[in-house]
Amino acid sequence: MVGFLGWCAPLSAQTIVVSAAASLKEALTEVNTAYAARYPEVKVDLNLAGSGALQQQIEQGAPVDVFISAATKQMDALVAKGFILDGSVCNLLENQIVLIGPPGATKPGSFAALADPSLKHIAIGEPTSVPAGQYALQIFEFFHLTEAVRPRLVFGKDVRMVLTYVETGNADCGLVYLTDARQSGKVAILATAPSESHDPVIYSGAVIKGTKQPAAAEAYLMFLRSAEAANLFEKKGFRTPAIPVP
């Protein structure tokens, strides 16, 4: 990772591609606006999708400079396969998993209440590619709900699709990140998953080893750890576990 002096140094005109978890859409849009004000010569192309889908794109050779995953699993897999620049991985953010319903809903009032058979459709992210879906399965297991909910699960390609299912009433409830629920304004937050019910929701970032713009990629990742970026992330409901870079 570049040092602080390198981060502040002028960068030449270039474009970096940032592949990031879909749940970061609004937050990164604001952060990138702040980054552009500091580095107007660097254009950031944002590629948003489920973390598993982004991992596959990188493994298949997609031109990516920075990867931000909503779980450490996908990042660890890319590290193991040699796609990540040595020493560039860092934990950026933390999030929470919540149970949501359509606007005005009051039920189910808890995760245990998902056992109620009157709930016909429970939306979660596709567990094979969406970290939020993987966390959801862990929560079901924790509350001994796996068999009870299995026939009623509907899957979204990313957490935003899950949100849409619930917003439109096409699902009775769903499991998404707290930040998505808060930013939607079209769902009711019914319960927050206990921290012990699933793995920590940690967003990690790293530079892709094949980047052609290593200095710009590292500077961007450093900016995401700055106090300025931390303030923007926290306004969207994220927590910043790392000590921000000044």
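Presented here is an overview of the structure given in this document. Computed from a prediction, not measured in an experiment: that's the story for all the values here.

**Let's talk about the environment of Ile 84**
Of note, Ile 84 is situated in the loop between α4 (72-80) and β4 (90-95). Judged by relative accessible area, Ile 84 falls into the buried class, the value being 4%. Those residues in contact with Ile 84, other than ones at most four positions away along the chain, are Met 75, Leu 78, Val 79, Val 89, Ala 206, Val 207, Ile 208 and Lys 209.

**Description of helix α5 (residues 131-142)**
Between the first and last C-alpha of α5 there are 17 Å, a value that for twelve residues agrees with the 16 Å anticipated at 1.5 Å per step. Looking only at α5, the buried set comprises Pro 131, Ala 132, Gly 133, Gln 134, Tyr 135, Ala 136, Ile 139 and Phe 140.

**Brief notes about the packing of aromatic side chains**
The tally for this structure, following the rule as stated, stands at eight aromatic pairs. Between the aromatic rings of Tyr 177 and Tyr 203, the centroid separation amounts to 5.9 Å while the plane-to-plane angle is 55 degrees, which identifies the pairing as tilted. Taken together, the residues span a long stretch of sequence, with Tyr 177 in strand β8 (residues 173-177) and Tyr 203 in strand β10 (residues 201-207) at a distance of 26 residues. A relative accessible area of 2% means that Tyr 177 is categorised as buried. Looking at Tyr 203, the relative accessible area reads 0%, which means it is buried. Ring geometry for Tyr 203 against Phe 238: centres 5.5 Å apart, planes inclined by 90 degrees, an arrangement best described as edge-to-face. Linking Tyr 203 in strand β10 with Phe 238 in the segment after α10 (227-235), this pair joins segments that are 35 residues apart in sequence. In this structure Phe 238 comes out as buried when scored by relative accessible area, which is 2%. Following the ring pairs from residue to residue traces out a cluster consisting of Tyr 35, Tyr 39, Tyr 220 and Phe 223.

Calculation criteria
- Residues numbered from 1 in each chain as written.
- Predicted model: local features only at pLDDT ≥ 70, side-chain atom pairs only at ≥ 80, totals over all residues.
- Heavy atoms only, no water.
- Helix = DSSP H or I, 4+ residues; strand = E, 2+ residues; numbered from the N terminus.
- Buried < 20%, exposed > 50% of the residue type's maximum accessible area, 1.4 Å probe, protein only.
- Contact = heavy atoms within 4.5 Å.
- Expected span 1.5 Å × (residues − 1).
- Phe/Tyr/Trp six-rings, centres within 6.5 Å; stacked < 30°, edge-to-face > 60°.

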